[in-house]
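Single-letter residue listing:
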Amino acid sequence: MKLNLTKVIHGCRLGKIENMGKAGNCSMDIPGCLLYTRTGSAPHLTHHMLNNVHGLPAMTQLTLSSLAEHHEVLAEYKKGVGNFIGMPESLLYCSLHDPVNPCPSGYVTNKSVSVWGVGGRVEMTASKFMEIQQALQPDWFQCLSDGEASCEGSTSIKRARKAVDRSLSFLDNCLRLQEESEILQKSVIIGVIEGGDVMEERLRSARETAKRPVGGFLLDGFQGNVATLETRLHMLSSVTAELPEDKPRLICGVSRPDEVLECIERGVDLFESFFPYQVTERGCALTFTFDYQLNPEETILQQNGIQEEIKYMDQVKKTKTTDCNQEMTSFEINLKEKKYQEDFNSVVRGCSCYCCKNYTRAYIHHLLVTNELLAGVLLMMHNLEHYFGFFCSVREALKCGSLAQLKKLIYKQVS
C-alpha cells in the first residue's frame, strides 16, 4: 500500500492510496469516506440497489460488534467475510465499534476489550481478537484500544495515561500475533490514537503509535463533547502534526459535512459515512448544496426549500431520536412534514440519483406516513449518493484551490 499526495494546502491533503487490497490492484482517492454497513450490508439496500448508487467508495466499513459473534461460522467458511456477504471485490475495513450504536463504557481491562452484538457482550483478548480477524480476513482492521477515556465528560491525566498504555500494549500484542498468522500477512493494522482530552497523552499516543509498523492511524475520541470545538480542533491539529505524511489518517464518529471540512483542514483523510443512515432513519433527506461554483442567487434556488426548513426548525424545539442519538440538522429536510404532502418536486432539483429521477417528495412523504419499507430504500439511495457527491466536490475544490468557497457555502447552511 502506498499513499501518494498530489497536493497539500494549509494542512488539507489531496491524493490517492494505491496498491490496496490483498492483490495490490485497488486504489482510493483522499479525502474520502468509507461505505457504512451493518452486518456487512448497506442499511435498507440489497446489493442490486446499492449498485444503482453512483460514486460508491472503494472501501466498505464492517463493524466488529455486528460480526464478532459469527466468527466461528466464518472461520469454518474459510473464504473470508467478503465472499460470505457477496462483496468479494470490495476493499474491507473492520472497525471495532458501530459509530451509530456505541458500546457501554466500563468494560475495558488491561487484557480485554468488549463489544456488544445482537446476542450481548463479546469480551476479546488480543488473541481472540486476532482469531476473529483471521476468520474475517479484512484488508484493513482497527486494532484493539481503550477508547473509554474519550467518552467520559472530562479525563484525568491518570485515566488518559492508562488508556494510552493499554492501547499501545494491545497494539504490540496484535502486531506480534499478525506476524505469526499466515492469513493476516497481507492485512493492514490501523493503530489507534487515544488519550482523551489530555494533550500530553494524545501526543505521546501519536508518537509511540507512529513508531510501530502500522499501515495507518485512527483518530478516536474527537467526536464527543470531551472539550469545546476549538479545543478539540487544536488537539486534532497537534496530533496529526506528529504523524508521518505517507500513511492515511482515519477518524471515527465524525460525519457531518461541516465537521468533515474542519477535520480535512487538519490533515484527516478518511471518514465514516454513517450520517446518511442517521438522516434516513429520521425520515429525512439530505438537501444541502455543495456546488460552490454557483453564484449566490442560484445557490439559494438550488437549496430546494432548505432555508424554509431551517426557519421551521428554529421555531420548533429539536427532538432527539432514540435510534440514532442525533438531532435533525440543517443539512436535511423532514419529508414526514405535512407540507410535503402535495410537493411534486424531486427531493433535490437536478439530482441524478435513482430516487430523484423517479419519485417526488409527495410520494416519499406518503411512504413515510404509511410506514412502507420502500421509504427507507429510496431515502438511503438518495442520501448516500448526495453524501458521496459532497466528497467528490471537496476533492474538486482542493484541486482548484477553492475549498474556502466550499466551506463558506456549507457554513451558510448551518443553523
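Please refer to the structure placed before this passage.
The structure presented is a predicted model; accordingly, all values stated were derived computationally and were not measured.

## Overview of the sheet that holds strand E13 (residues 249–251)
Next up, step 1: The sheet built from nine strands is open, its strands ordered E4-E14-E13-E12-E11-E10-E7-E6-E5 with parallel pairing. Of all the strands in the sheet, just strand E4 (32–33) and strand E5 (35–36) have a single pairing partner and so form its edges.
Next up, step 2: Note: E4 against strand E14 (residues 270–271), two bridges, orientation parallel. Note on E14: the bridge partner recorded for cysteine 33 is phenylalanine 271.

## Quick notes on the pattern of salt bridges
Next up, step 1: Taken as a whole, this structure holds 25 salt bridges when the rule is applied.
Next up, step 2: One salt bridge connects arginine 212 with aspartate 172, and the closest N-O pair in it is separated by 2.9 Å. Residue arginine 212 is found in the loop between helix H7 (199–211) and strand E12 (216–219), and its partner aspartate 172 is found in helix H6 (residues 157–180); the two are separated by 40 residues along the sequence.
Next up, step 3: Residue class for arginine 212 comes out buried when judged on its relative accessible area of 17%.
Next up, step 4: According to the relative accessible area criterion, aspartate 172 is partly exposed, its value standing at 33%.
Next up, step 5: Its salt-bridge partner being lysine 399, residue glutamate 396 comes within 3.5 Å of it at the nearest N-O pair. Taken as a pair, glutamate 396 and lysine 399 lie in helix H15 (residues 373–400) at a separation of three residues, close to a single helical turn.
Next up, step 6: One salt-bridge network, in which partners are shared between bridges, spans Arg13, Glu245, Arg249 and Asp269.

## Here's the deal with the packing of H15 against helix H16 (residues 403–412)
Next up, step 1: Viewed as axis vectors pointing N to C, H15 and H16 meet at an angle of 145°, and their least axial separation amounts to 8 Å. Contact with H15, carried on its side by Phe390, Ser393, Val394, Ala397 and Leu398, involves Leu403, Leu406 and Ile410 of H16 and no other residues of that element.

## Topic: unusual backbone geometry
Next up, step 1: Cis peptide bonds are those with omega within 30 degrees of zero, and the linkage from isoleucine 30 to proline 31 qualifies with 0°.
Next up, step 2: Here proline 31 lies in the loop between strand E3 (26–30) and E4.
Next up, step 3: Phi at asparagine 19 takes a positive value of approximately 55°, unusual for a residue other than glycine.
Next up, step 4: Unlike most non-glycine residues, histidine 44 shows phi in positive territory, near 75°.

## Quick word on the pairing of strand E6 (residues 59–63)
Successive residues of a regular strand alternate their side chains across the two faces of the sheet.
Next up, step 1: Burial runs high along E6: five of the five residues are buried.
Next up, step 2: Because side chains alternate across E6, one face comprises the buried residues Met59, Gln61 and Thr63, and the other comprises Thr60 and Leu62, equally buried.
Next up, step 3: Summarising the sheet, E5 and E6 pair through two bridges and their orientation is parallel. Within E6, the residue paired with tyrosine 36 across the bridge is glutamine 61.

## Digging into the packing of aromatic side chains
Next up, step 1: Inspection of every chain in the model, using the stated rule, returns 15 aromatic pairs.
Next up, step 2: Ring centres 5.9 Å apart and planes at 45° place the aromatic pair phenylalanine 271 and phenylalanine 391 in the tilted group. On the criterion of sequence distance, the pair formed by phenylalanine 271 in strand E14 and phenylalanine 391 in helix H15 is long-range, its members being 120 residues apart.
Next up, step 3: Judged by its relative accessible area of 1%, phenylalanine 391 falls in the buried class.
Next up, step 4: Three or more aromatic residues joined by ring pairs make a cluster, and in this case those are Phe271, Phe275, Phe288, Phe290, Phe331, Tyr387, Phe390 and Phe391.
Next up, step 5: Over the aromatic face of phenylalanine 222 sits the side chain of arginine 202, whose NZ or CZ is 4.4 Å from the ring centroid.

## Quick word on H15
Next up, step 1: Its 28 residues place the ends of H15 41 Å apart at the C-alpha level, agreeing with the 40 Å of an ideal helix rising 1.5 Å per residue.
Next up, step 2: The buried fraction of H15 is high, at 21 of 28 residues.

## Some remarks on a nonpolar patch on the surface
Next up, step 1: On the surface, a nonpolar cluster with roughly 270 Å² of combined accessible area is contributed by Val73, Tyr77 and Phe84.
Next up, step 2: As for its placement among the helices and strands, tyrosine 77 is situated in helix H3 (residues 71–77).

## Points about H7
Next up, step 1: Taking 1.5 Å of rise per residue, the 13 residues of H7 would be expected to cover 18 Å, and the 19 Å separating its terminal C-alpha atoms lies within 8% of that figure.
Next up, step 2: Of all the residues in H7, the buried ones are Glu201, Arg202, Leu203, Ser205, Ala206 and Thr209.
Next up, step 3: Packed against the buried residues of H7 are H6, strand E11 (188–193), E12 and helix H8 (229–240).

## Quick notes on the pairing of strand E8 (residues 112–117)
Next up, step 1: Buried residues dominate E8, accounting for five of its six residues.
Next up, step 2: Pairing of E8 with strand E9 (residues 120–125), which is carried by six bridges, proceeds in the antiparallel orientation. Each bridged residue has a counterpart across the sheet, and for serine 114 the counterpart in E9 is glutamate 123.
Next up, step 3: What sits between E8 and E9 in their antiparallel hairpin is a turn of two residues.

## With respect to the sheet that holds E3
In a beta sheet, neighbouring strands are held together by backbone hydrogen bonds and run either parallel or antiparallel to one another.
Next up, step 1: Spatially, E1-E2-E3 is the arrangement adopted by the three strands of the open sheet, whose pairing is antiparallel. Edge strands, defined here as strands with exactly one partner in the open sheet, are strand E1 (2–9) and E3. This sheet shows a mean twist of 10° between the axes of neighbouring strands, independent of strand direction.
Next up, step 2: Bridge count for E1 against strand E2 (residues 12–20) is seven bridges, and the pairing is antiparallel. Paired with asparagine 4 across the strands is lysine 16, a residue of E2.
Next up, step 3: On the sheet, H15 packs against E1, E2 and E3 and is oriented at approximately 115° with respect to E2.

Rules used in this analysis
- Residues numbered from 1 in each chain as written.
- Predicted model: local features only at pLDDT ≥ 70, side-chain atom pairs only at ≥ 80, totals over all residues.
- Heavy atoms only, no water.
- Pairing = 2+ DSSP bridges.
- Helix = DSSP H or I, 4+ residues; strand = E, 2+ residues; numbered from the N terminus.
- Salt bridge = Lys/Arg side-chain N within 4 Å of Asp/Glu carboxyl O.
- Buried < 20%, exposed > 50% of the residue type's maximum accessible area, 1.4 Å probe, protein only.
- Axes fitted to C-alpha atoms, helices over the stretch in contact; angles between N-to-C directions.
- Contact = heavy atoms within 4.5 Å.
- Phe/Tyr/Trp six-rings, centres within 6.5 Å; stacked < 30°, edge-to-face > 60°.
- Lys NZ or Arg CZ within 6 Å of the ring centre and 35° of its normal.
- Expected span 1.5 Å × (residues − 1).
- Patch = residues over 30% accessible without salt bridge, like charges linked within 9 Å, V, L, I, M, F, W, Y side chains within 5 Å.
- Areas by Shrake-Rupley, 256 points an atom, 1.4 Å probe, with all protein chains shown as cover.

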